[in-house]
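# Understanding the architecture of this molecule
Residues per chain are reported as follows:
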Amino acid sequence: MLNKVAALGQATLNSIAGAGAALIMLTRALVGKPQLRKSWPLLMQQMYSVGVMSLIIIVVSGLFIGMVLGLQGYTILVDFGAEQSLGPMVALSLLRELGPVVTALLFAGRAGSALTAEIGLMKATEQLSSLEMMAVDPLRRVIAPRFWAGLYSMPILAAVFSAVGIYGGYLVGVRWLGVDDGAFWSVMQANVEWGHDIMNGIIKSVVFAFVVTWIALHKGFNCTPTSVGISKATTSTVVTASLAVLGLDFVLTALMFG
Amino acid sequence: MLTTTLEGNPEHLVEIDDIYFHYNHSTHNLYEGLSMAIPRGKITAVMGPSGIGKTTLLRLIGGQLRPQQGQIRFAGQNIPSLKRSELYQLRKRMSMLFQSGALFSDMTVYDNIAFPLREHSRLSEELIETIVLLKLEAVGLRGARHLMPAELSGGMSRRAALARSIALDPELIMYDEPFAGQDPISMGVIIKLIKELNESLGLTSIIVTHDVEEVLTIADYVYIIADKQVVGHGTPEQLLNSDNALVHQFLHGEADGPVPFHYRAPTLADELLGAGDAK
Amino acid sequence: MESRNTQLAVGLFVIIGVLALLFLGLQAANTNVATAGETYRLYAKFDNIGGLKERSPVKVGGVVVGRVSKITLDGDYYEPLVEMVISKQYNEFSDTTSVSILTSGLLGEQYIGLNPGFIDDTVQMLEDGDRIYDTKSALVLEDLIGQFLFSQGND
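Residues numbered from 1 in each chain as written. Chains lettered and ligands numbered in written order. Predicted model: local features only at pLDDT ≥ 70, side-chain atom pairs only at ≥ 80, totals over all residues. Heavy atoms only, no water.

Attention shifts here to the interface of chain C and chain A. Quoted interface sizes are often the accessible area lost when the parts come together. Residue-level contacts link 23 residues of chain C with 28 residues of chain A. Both faces combined, the contact of chain C with chain A buries some 2,300 Å², and carbon together with sulfur accounts for 74% of it. By the criterion of area lost to chain A, the three top residues of chain C are Phe13, Leu24 and Arg55 of chain C, representing 26% of everything that side buries. At the boundary of chain C and chain A, one finds one salt bridge. (Contact = heavy atoms within 4.5 Å. Buried area = accessible area lost by both parts, 1.4 Å probe. Salt bridge = Lys/Arg side-chain N within 4 Å of Asp/Glu carboxyl O.)

Each side of the interface is counted separately: chain B has 26 residues, and chain A has 17 residues. Buried area between chain B and chain A, summed over both chains or domains, comes out near 1,900 Å², and the portion from carbon and sulfur atoms is 51%. The largest share of the area that chain B buries against chain A comes from Tyr88, Phe104 and Glu119 of chain B, three residues that together contribute 26% of it. Put simply, chain B and chain A have four salt bridges between them. Across the pair Glu126 of chain A and Arg59 of chain B runs a salt bridge whose closest N-O atoms are separated by 3.8 Å. Among the secondary structure elements, those contributing two or more residues to the side of chain B that touches chain A are helix H3 (84-91), strand S6 (94-97), helix H4 (109-120) and strand S7 (172-176) of chain B. For the side of chain B that touches chain A, the element with the highest residue contribution is H4 of chain B, accounting for five residues. Partitioning the side of chain B that touches chain A into residue classes produces eleven nonpolar, six polar and nine charged. (Helix = DSSP H or I, 4+ residues; strand = E, 2+ residues; numbered from the N terminus. Nonpolar A, V, L, I, M, F, W, Y, C, P; charged D, E, K, R; others polar.)

Bringing the sheet that holds strand S3 (residues 63-74) of chain C into the picture now. Residue and element names in this part refer to chain C. Taken in spatial order, the eight strands line up as S7-S1-S4-S3-S2-S6-S5-S8 in an open sheet, and their pairing is mixed. With one partner strand each, in any of the chains shown, strand S7 (130-132) and strand S8 (134-136) form the two edges of the open sheet. Each adjacent strand pair in this sheet contributes to an overall mean axis angle of 35°, direction not counted. Direction of pairing for strand S5 (residues 98-103) relative to S8: parallel, over a ladder of three bridges. Paired with Val99 across the bridge in S8 is Thr135. (Pairing = 2+ DSSP bridges. Axes fitted to C-alpha atoms, helices over the stretch in contact; angles between N-to-C directions.)

Further remarks concern the packing of helix H6 (residues 138-176) of chain A against helix H7 (residues 181-191) of chain A. All names here are of chain A. Close contact between H6 and H7 brings their axes to 10 Å; oriented N to C, the two are set at 145°. Crossing angle aside, the handedness with which H6 passes H7 is right-handed. From H6, Ile166, Gly169, Tyr170 and Val174 reach across to H7, where they touch Asp181, Phe184, Trp185 and Met188. Grouping the constituent residues of the contact of H6 with H7 by class yields six nonpolar, one polar and one charged. (Left-handed = near helix turned anticlockwise from the far one by under 90°.)

What follows deals with the pairing of S6 of chain B. Residue and element names in this part refer to chain B. The two faces of S6 match: Met94 and Met96 on one face and Ser95 and Leu97 on the other face are all buried. Sheet topology places S6 next to S7; four bridges connect them, and they run parallel. Paired with Met96 across the strands is Met174, a residue of S7. (Buried < 20%, exposed > 50% of the residue type's maximum accessible area, 1.4 Å probe, protein only.)

Counted by the stated rule, this structure contains 23 salt bridges over all chains. Notably, a salt bridge pairs Arg142 of chain B with Glu137 of chain B, separated by 2.4 Å at the nearest N-O pair. Take Arg142 of chain B: its relative accessible area is 40%, and that puts it in the partly exposed class. Between Asp74 of chain C and Arg131 of chain C there is a salt bridge, with its nearest N and O atoms 3.7 Å apart. Of this pair, Asp74 of chain C sits in strand S3 while Arg131 of chain C sits in strand S7, placing them 57 residues apart in sequence.

What follows deals with the UniProt feature "transmembrane region" (unreviewed entry) in chain A. Residues and elements named next belong to chain A. Per the UniProt entry, the sites bearing "transmembrane region" (unreviewed entry) are residues 12-31, 52-78, 156-178, 198-217 and 238-257 in this numbering. The distance separating the terminal C-alpha atoms of residues 156-178 is 31 Å; by composition the span is 91% helix and 0% strand. Across residues 198-217, helical content stands at 100% and strand content at 0%; the span's end C-alpha atoms are separated by 28 Å. (UniProt positions renumbered as here; feature names shortened; annotations may be inferred.)

So, about the packing of aromatic side chains. Under the defined criterion, the tally for this structure stands at 13 aromatic pairs over all chains. With a centroid separation of 5.6 Å and 75° between ring planes, the pair formed by Phe210 of chain A and Trp214 of chain A is classed as edge-to-face. Highlighted residues: Phe210 of chain A and Trp214 of chain A, both in helix H8 (residues 194-221), separated by four residues, approximately one helical turn. The exposure class of Phe210 of chain A is partly exposed, given its relative accessible area of 32%. A ring pair is formed by Phe21 of chain B and Tyr31 of chain B, whose centres lie 6.4 Å apart and whose planes are at 40°; its orientation type is tilted. In this pair, Phe21 of chain B is assigned in strand S1 (residues 12-21) and Tyr31 of chain B in strand S2 (residues 31-39), connecting sequence segments ten residues apart. Look at Tyr31 of chain B and you get buried, because its relative accessible area is 0%. By the ring-pair criterion, three or more aromatic residues cluster together here, those being Phe147, Trp148, Tyr152, Phe210 and Trp214 of chain A. Across the ring face of Phe104 of chain B, the terminal group of Arg164 of chain B is positioned such that the distance to the ring centre comes to 4.6 Å. (Phe/Tyr/Trp six-rings, centres within 6.5 Å; stacked < 30°, edge-to-face > 60°. Lys NZ or Arg CZ within 6 Å of the ring centre and 35° of its normal.)

All names here are of chain B. Pairing is mixed in the open sheet, where six strands are placed in the order S6-S7-S8-S3-S9-S10. In this open sheet, the two strands that pair with only one neighbour each are S6 and strand S10 (229-234). Looking at each pair of strands side by side, their axes are set apart by 20° on average, direction ignored. Alignment of strand S3 (residues 43-47) against strand S8 (residues 204-209), held across five bridges, turns out to be parallel. Counted as the bridge partner of Thr44 is Ile206 from S8.

This is how it looks when you write it as structure tokens:
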């Protein structure tokens, strides 16, 4: 019994130490005078591998989720004779919830795991040590550009996701099931507000971007530099980041729309 | 024993003074009162059985790890007490050849070698190209400059990494197991390179290895570490003639001796009988 | 060359993001109506606001001109006081204007309907912070049924 309490205490201490290490890592990576000439190409490179490479999966998922929303929404709403409300239903679900959240989950799976594996591999092959011995700070050189890339990319991806999703809902609802074209858009416009719905969605996706990228980088940077360690860290990135996103989503939703 | 004669001797580039070290996650001391001096402009070999932390020693000198006790002086500056910025300044004067080569896998060989130059100098691209080609010529890989690290053989990537580590003309170069896993030809090439670089550039070299024969042919001075301390040091001839049993066992590769063949365990008879009792 | 292609791709990526945002803003949301530009506030006191909520629309003949910004209980008798934010575009309501709480459709949400009053020399225009006195409360189903039964009984 005492042993179990001790183990719990140890686990608590470890997680606090882990969070502290992650915080130190991030501050050391981001604080300091920026060197635009050197960091711009690095940022571009990372925006490419983190953002551009995730675009396909985001567009495809967004389209399908929007189409499913259109189909499901229609079958429910038509019972109440309220199929005119399909537009706002699709748009609000996407803008407030599905856009930021599903993008963050897909991002954690696609880009987050890749970031962890990449940095873990750099650690295992002594590339990070080697940078340090060359008097180049790996936090500034490797971590920082990846962090900014993640932070900039995810809100863009979330906006694309929502836009494509709404178009998917339009395809199914209007083109296929015959909801009135004008009503679809006008009822949507009457119910969706720029400041309230779209801005809050963007704020959500910025928060998620911060958390997911941070977790991915921290897991990679602090992994055990062996093949087992890297694969564990990668799994842990996806799990931790997904849970963090879902938990934070509840908190944010309560604050914004509660 | 060494400490009194070491202090501030200008002939020594690196002085390690009575250090105690263990990793954070363990209480087991890796070193207890280890001291050594690396003479300037010479090739010093650090040898010892596997697992006694030879690579750790290099990381300590590079400032990536800090000892719990003791001093490590590089050109008179105590590395563990330096601030980060000072340490980074100091690291520009040393370089390290990692066991795996540690080439950046997302750059070509050329960019890898140009990397430290681009980071730390304001040289023009033309000048950088000249330097890189010269360094590549020195390791015989000028023709391979457009290849990616993944396309290189083990020996070639180590040579490319060597070219990178001399790109900034450091004073000290540390080799971590440079001969491990090399075929005889590339081993010969690397031995030749280490020797040549040391002579032509006036480098101070530290080679950490357990390949006795190879290193004894080029080393000027040899330290043997075991039991958390230096157990023997001297020129290769002195050590080969040493009557220290441990040094003798290590240099001649005998299976049993002061470093036992068996991992610590109760005697076989006890264990078998003990197992019988437990039933 | 490679880095140029990367930059091009990233540039396109950012442009796609901006286009998506524009699409959301212009096609999906009501950027032009009410509360976006300059606004002024009006107050109205009701007996019962029914299902009216903050952010419910304020309409004139079906056109959204503003939103409900705050609902509080006011005065000694705790009567619901509704604060409305109206777009400056529509600042020519006279003080004979009346407000009522209406329902869109059978099951739809409730909104405030503004009926502009007549204008002549004797009336003044409503300004920021003014109150509308002519109000009609929300219909509450129970009251309706009660009235219906009562009128049946009188026959």
